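A closer look at the structure
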Amino acid sequence: HWTGEEKALVNAVWTKTDHQAVVAKALERLFVVYPWTKTYFVKFNGKFHASDSTVQTHAGKVVSALTVAYNHIDDVKPHFVELSKKHYEELHVDPENFKLLANCLEVELGHALHKEFTPEVQAAWSKFSNVVVDALSKGYH
Ligand code: HEM
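A brief report on the enclosed structure follows. (Residues numbered from 1 in each chain as written. Predicted model: local features only at pLDDT ≥ 70, side-chain atom pairs only at ≥ 80, totals over all residues. Heavy atoms only, no water.)

Here we take up the site of the ligand. Contacts to the ligand come from 17 residues, most closely from F41, K43, H87, N97 and L136. Residue K43 places a side-chain N or O atom 3.4 Å away from an oxygen atom belonging to the ligand. In this structure, an oxygen atom belonging to the ligand sits 3.5 Å away from a side-chain N or O atom of K86. Every element with two or more residues in the shell around the ligand is listed here: α3 (53–71), α4 (81–90) and α5 (96–113). If you tally residues by element for the shell around the ligand, the top one is α3, at 4 residues. Here the residues of the shell around the ligand sort into 10 nonpolar, 4 polar and 3 charged. (Near = heavy atom within 4 Å. Polar contact = N/O pair within 3.5 Å; in protein donor to acceptor, adjacent residues only side chain to side chain. Helix = DSSP H or I, 4+ residues; strand = E, 2+ residues; numbered from the N terminus. Nonpolar A, V, L, I, M, F, W, Y, C, P; charged D, E, K, R; others polar.)

Here N97 is to be found in helix α5. Contact partners of N97, with chain neighbours within four places excluded, come to L30, W36, T37 and Y40. (Contact = heavy atoms within 4.5 Å.)

In this structure, T54 sits in helix α3. With a relative accessible area of 18%, T54 lands in the buried category. With 13 residues separating them in the primary sequence, T54 and F41 have C-alpha atoms 9.5 Å apart. Once residues lying within four places of it in the same chain are set aside, the contact partners of T54 are F44 and K47. (Buried < 20%, exposed > 50% of the residue type's maximum accessible area, 1.4 Å probe, protein only.)

Have a look at this one:
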């Protein structure tokens, strides 16, 4: 359940940041810090930098999914059924990795927002992140 204030804080994060750039950097961070995650992205052909078109294109897809979650913040799960199924049945991604990407994204948001990334903002964003990770993990249990 979300309070109006929490929603406003998530809204502030989402509207004040360049989603595409932040998500591309978060993906690069994921690949650098947790190198095994690269093995899922065979199609990237070794191109794992934020500026690479492989990562940029993929970041666009992740941004779209996050936008869907953001637009349905009270009820994300039904909107993520197909995406969860895809990660589970087709891509065989270990759901632990969802948390790692969520953390990398949080780091990048903190970087991008600096002083505006207050403890309250971080808490609200982290709650949103958990909702997304939960919805994405739903097909697994
Ligand atoms: C594909 C979202 C986390 C591995 C996708 C797609 C979306 C997406 C929207 C495109 C689906 C399509 O084309 O139908 C997300 C979101 C995540 C997340 C919102 C977490 C917050 C991860 C993680 C991994 C991963 C952590 C692996 C470490 C993949 C792979 C593909 C994919 C391998 C297919 C890429 C390709 O070959 O084009 N994801 N994803 N995802 N995702 Fe995720």
